Structure formats: structure tokens, C-alpha cells
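# Per-entry structural report
Next come the chains, spelled out residue by residue.
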Amino acid sequence: MHSHSDLKLADIDSHTLKGWLHDGGEIALLDVREHGQYGESHLFYAAPVPFSRLEADIARLAPRRDARVVVYDAGDDDDVAARAAAALRAVGYTQVHRLAGGIAQWQRDGYAAFAGVNVPSKTFGELAEEVFHTPRISAAELAERQRRGDDLIVLDGRPYAEYQKMSIPGGICCPNGELALRAHGLAPDPKTTIVVNCAGRTRSIIGAQTLINLGVPNPVYALENGTQGWYLADFKLDHGASRRYEDAVAAADIPALAQRSAGLAERHGVPWVNAAQVRSWLADTGRSTFLCDVRSAEEYAQGSLRGAQHTPGGQLIQATDQYVAVRGARIVVFDGEGVRAPVVASWLRQMGWDASVLQEGVGADLQAAVAPIAEPPVKVLDDAALAAALAAGAQLIDIRPSMRYRAQHIAGAQWAIRPRFAGLALDPARPLVLLAEELAVAAWAAADLRARGARDVAVNLGTAAGWSAAGIALESTPSTPADRDCIDYLFFVHDRHDGNKAAARQYLAWETNLVKQIDARERAAYRFPAG
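Residue indices follow the written sequence of each chain, beginning from 1 at its first position. Reporting of local features is limited, given that this is a predicted model, to residues whose pLDDT is at least 70; pairs of side-chain atoms are given and counted only at 80 or more, and all residues count toward the totals for whole chains, interfaces and linings. Side-chain descriptors were evaluated using all non-hydrogen atoms of the structure, hydrogens and water having been removed beforehand.

The protein chain is annotated in an unreviewed UniProt entry as Rhodanese-like domain-containing protein from Alcaligenes xylosoxydans xylosoxydans.

The helix and strand labels rest on DSSP assignments: H or I over at least four residues marks a helix, E over at least two residues marks a strand, and numbering proceeds from the N terminus. Along the backbone of the protein chain there are 24 helices and 23 strands. A globule of 531 residues ought to have a C-alpha radius of gyration of about 24 Å, and the protein chain, at 24 Å, matches this closely. When the backbone C-alpha atoms are referred to their principal axes, the protein chain occupies close to 75 × 50 × 50 Å. Categorising residues by exposure relies on relative accessible area from a 1.4 Å probe, with only protein chains included: less than 20% of the type maximum marks a residue as buried, more than 50% marks it as exposed, and the intermediate range marks it as partly exposed. Buried positions account for 55% of the 531 residues belonging to the protein chain. Radius of gyration here uses only the C-alpha atoms, and the compact-globule reference equals 2.2 Å multiplied by the residue count raised to the power 0.38.

Most of strand 15 (residues 330-334) is tucked away, with 5 of its 5 residues classed as buried. Where burial is concerned, the two faces of strand 15 agree: the one with Arg330, Val332 and Phe334 and the one with Ile331 and Val333 are both buried. Pairing between two strands requires that DSSP report at least two bridges joining them. The sheet contact formed by strand 12 (residues 289-293) and strand 15 spans 5 bridges and is parallel. Following the sheet pairing, threonine 289 is matched in strand 15 by arginine 330. In this sheet, strand 16 (residues 354-358) lies alongside strand 15 in parallel orientation, the contact comprising 4 bridges.

A few words on the sheet that holds strand 16. Across the sheet, which stays open at both edges, the 5 strands sit in the order 11-16-15-12-13 with parallel pairing between neighbours. Pairing within the sheet leaves two strands with one partner each, and these edge strands are strand 11 (272-273) and strand 13 (309-310). Here strand 11 pairs with strand 16 via 2 bridges, running parallel. Across the sheet, valine 273 pairs through a bridge with leucine 358, a residue of strand 16.

Turning our attention to unusual backbone geometry. In this structure, the amide linkage connecting threonine 480 to the following residue, proline 481, adopts the cis form with an omega of 0 degrees. Positive phi values are uncommon outside glycine, yet aspartate 76 reaches one of about 55 degrees. Along the polypeptide, aspartate 76 turns up in the loop between strand 4 (69-72) and helix 5 (80-90). Judged by its relative accessible area of 62%, aspartate 76 is exposed. Positive phi values are uncommon outside glycine, yet asparagine 118 reaches one of about 55 degrees. With relative accessibility at 8%, the residue asparagine 118 sits in the buried group.

When the UniProt feature table is mapped onto this chain numbering, "domain: Rhodanese" (unreviewed entry) sits at residues 23-115, 148-239, 293-374 and 390-476. For residues 148-239, the end-to-end C-alpha separation is 23 Å, with 38% helix and 17% strand making up the annotated structure. Helix and strand shares over residues 293-374 are 27% and 18% respectively, and the end C-alpha atoms of the span are 24 Å apart. UniProt positions are given in the numbering used here, feature names are shortened, and annotations may be inferred rather than shown by experiment.

Think of it this way: side chains of opposite charge can pair up when their charged atoms draw near. A pair is scored as a salt bridge if a Lys or Arg side-chain nitrogen falls within 4 Å of a carboxyl oxygen belonging to Asp or Glu. One pass over the full model with this rule turns up 43 salt bridges. Aspartate 284 serves as the salt-bridge partner of arginine 330, at 3.8 Å between the closest nitrogen and oxygen. You can see arginine 330 sitting in strand 15 and its partner aspartate 284 sitting in the loop between helix 14 (275-283) and strand 12, a full 46 residues away along the chain. By relative accessible area, which is 10% here, arginine 330 ends up buried. Between arginine 295 and aspartate 293 there is a salt bridge; the shortest N-O distance is 2.8 Å. When sorted by exposure, arginine 295 lands in the same class as aspartate 293, which is buried. Overlapping salt bridges bring together Glu26, Arg64, Asp66, Arg287, Arg349 and Asp354 as one network.

Okay, structure coming up:
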């Protein structure tokens, strides 16, 4: 554990950080508060890496241990950044700095903070619409054209799980990363109008513009404001729809599609690199290289390059900060056929990333050395052992997401989140069981509790159904923990789909306003084609 004087040395001020963010060197700016706090207000380039998951996620998001890292919290009397800095040093990160005074001081120094999530990606989508004049169609016009029976198809550019929550009636799930490979099969007649939608704006714009950039002959539109625009216009959404693209693509179609994608990549200056080049990049200790498999979840599950992250193409563009936390890093994307990866890379380059396409794709002789952080050992109890521990007087701490706890939890279990453990009323003499969804997250939480004096800490990774089957009593508490304590949950983003029109309007206003909030250096980091 580091002393406070040690941490003091590593403090930097807002102006130094602002300079670092634009000096061209690698930097991982980590907001170590919980997801709900991050979503209320954060720095433009900050990746969300909550302290409760820090050691579980950091090796994937910032694999190079000597990359420049800056952590911050709310400032004022928050100490989570200091704790995160100490935790990162303890697992081998050597260049860890803390933003002095946190986000509060950053704002006092005249810099902007942003609400929401995936802000650089969403800002990029808004700018892309301005730059490319992406054609759009309103909900009312689409509904009218559907009613008339016009020759049109609606493609939903989101992942299948999001599509299933709510979708435009008749819409077919075809995530943006798959459009280059599959749109021609879904709309084989060039006269068929293609409308791309998402939940809000970004993926509708990027999906439609992808097809336009590829030169598809069909008329293409982005659905203005996505499913939210549809709902605000009082049209009914589908829930639980299951239409999706066919997995198979005719082998005879691939060469022409690959050629079209390669042409697009070339226009955006995307380099193609071979496995030997990427091997030397991966061996370079002075620079971070991310290996990203942009294929579907099903394809990835059948096997990928060792050490590659699964980053479905549309999501890598939409939520880059969930996969890569090192600004200035190299990103190498690959697929299995050479159609999807070049398109994804063309967008990443415009977003300011150093992105390349791996020539040999998934067949490359290549592996990234993954050095995951080994979690501290912890005893895992099955449901029967948990029932026995409970009968013997064990204390239960539930560290699952707050909304999961509200919905159903073991009677008498306290909900807590790692940064707030100091506020727990614990009896150190009694055994303690952590109820969790992931072993890594639980193991680090258990280590924290042991450091706070708990002597006997175990973990259970069960579910409500399993607990119930083991004879353990469950309860629901829809308003406990209180909203203000649910720091892991971002109400602002979720309410817009829960029958709350004001929240949907507020969300869309937020999204369209992002462009007005960025400064000249943030704007200049994007690289749109000239002319």
C-alpha cells in the first residue's frame, strides 16, 4: 500500500492533463467512479473503468503496464481515485497519475464535462451527419411509406439483444458491422429503399452512411432519432422481435464485396498489414496494439486469434471506449473474408484512431500475449454450502448490480458496492459471504474486505433460482437501495425506453447538442475527408 505522500507526487493538474490528451502520446484516462456517476458527468476522453471492476477489466482495456495512466474521481472529498491509483500500482502499472481535485477542479479550471456514455463516438456520429449530409427519413414518413406498401426494408443496426428489446415493426436485425457483408442479400433489388435505424441517432447515421460510402445502388436513409423518434411520434414499437440476417453469404458474392470494401478503405488511407508486421507491433513495448475481431458473436465463439478481443464492428465504432482505453494506441481489425474489417477501419481512422486491417484475417499466424491480472484466491461456495453458512450465522453482502438486487435478493443480505465498503456495518468475527455475478470482481472485493479486518470471506456466484431451490428465502425491494445509492446505474439513459417521453426528448436533445460542447482540439482530433 502506498503512503499519501507517494500519491501526492503522482498528482497532475487539469492544464497538464489537457496538454497530455492532445500531445500525440499514448494515454489511458480512466474515470474510476461507478457507471451511474460516470454517466452523469465525465471528461470527454475518459473510459469508464469503475473501481468495483478495475483489476478485472484493466488488462483488456490498457494491456501495456507502462502506458501513461491518469485516474480521476469526483474530487472534493472523494478518495476512490487514490485507492484506484494504489490498486493499479499494486498490479504492475508503473506510470499512474491522479487528476488533482478530480472532475470538480477540472470544471473550476474552465474545462467541460459531458453527460451520457460513449461520448466521443456519439459526437462523431453527429459530426458525420453534418459532414456527409446523410439522408434521413422521419418516423411519420417511414410509417406512411410502410402503410402504402412501398418497396422498402428497415435494417436495425444494433446488436440482437438490443434489437429484441424494442424495434420498428417489420425491421430486421443487421448490426452495422455486418451491413457491408449482408445488405445486398437483404435488399437484392437496387430499387428497394433501405432505412437504417438504431435506438437514437449514431448507429442510424453511421449505418446509412456506411452503405452510401460503399456505393450501394439503393436509396438509403437513416431513421431520424431511431426507435425513440418512432415512439415520440406515437407509433407502436415491437418487443421481442426475432427477425435477423441469414448467417450464410453466397461464396460467389465475396470477391466483389471485398473489392468494394478495399476501395473504401483505400479512400480513407487505411493500411493493410500482414501478420509479421503485427507480430513486431505486439512485441514493441513502447506502444499499445489492440487486436480486434469484428465478426459476429457466433463466429468469434467458433474460434479467433489468441489474445484478440471480440469487438463486433458496429459496436467498436459506437462504443470504442468499452474496448480500448488507450488514446493513441494502434487498433488492428480483422474478419474472416475481408469485407467487414476494412469498413470498420475506415470509420476508426476518421474517428482519429491509428487503425489497420490484418491481411490474413482470422487465418493469420498470430497471437497477442494476454497478461491478465490473476485475482487473489477466494473460497467459492455452492448454493448448498451457502444455505449451510447462512444457517450458521454468516453475514451476506450482495455486490451484484443494484437493479438486480432490487428485483430479487436473499432476505437479509445487505447491498454494497466496493468503493462504499467503508460504510458497511460488519461483525469481523462472523463469516462473510459475497454474492456476486463474476469471480474476478468478487475476488478483488473480498481482498478489500479482508484488508478491512474481515477474517473469513467466501463468495457465491449463484442465481435467484438456485438460491430458491436450496431453500433460501428471497425478497424484492423495488426502492432499496435508494436511487441516490445506486451509483452503478445510469437512470438518464435507461428511462428513455420505459414509457417516459420527457426522458426520450431530453436524451435526443443531449445527443444533438454534443457537437456544440466540444472544443477546437477535440474537434480537430476527428479526421473527416477533405472537400
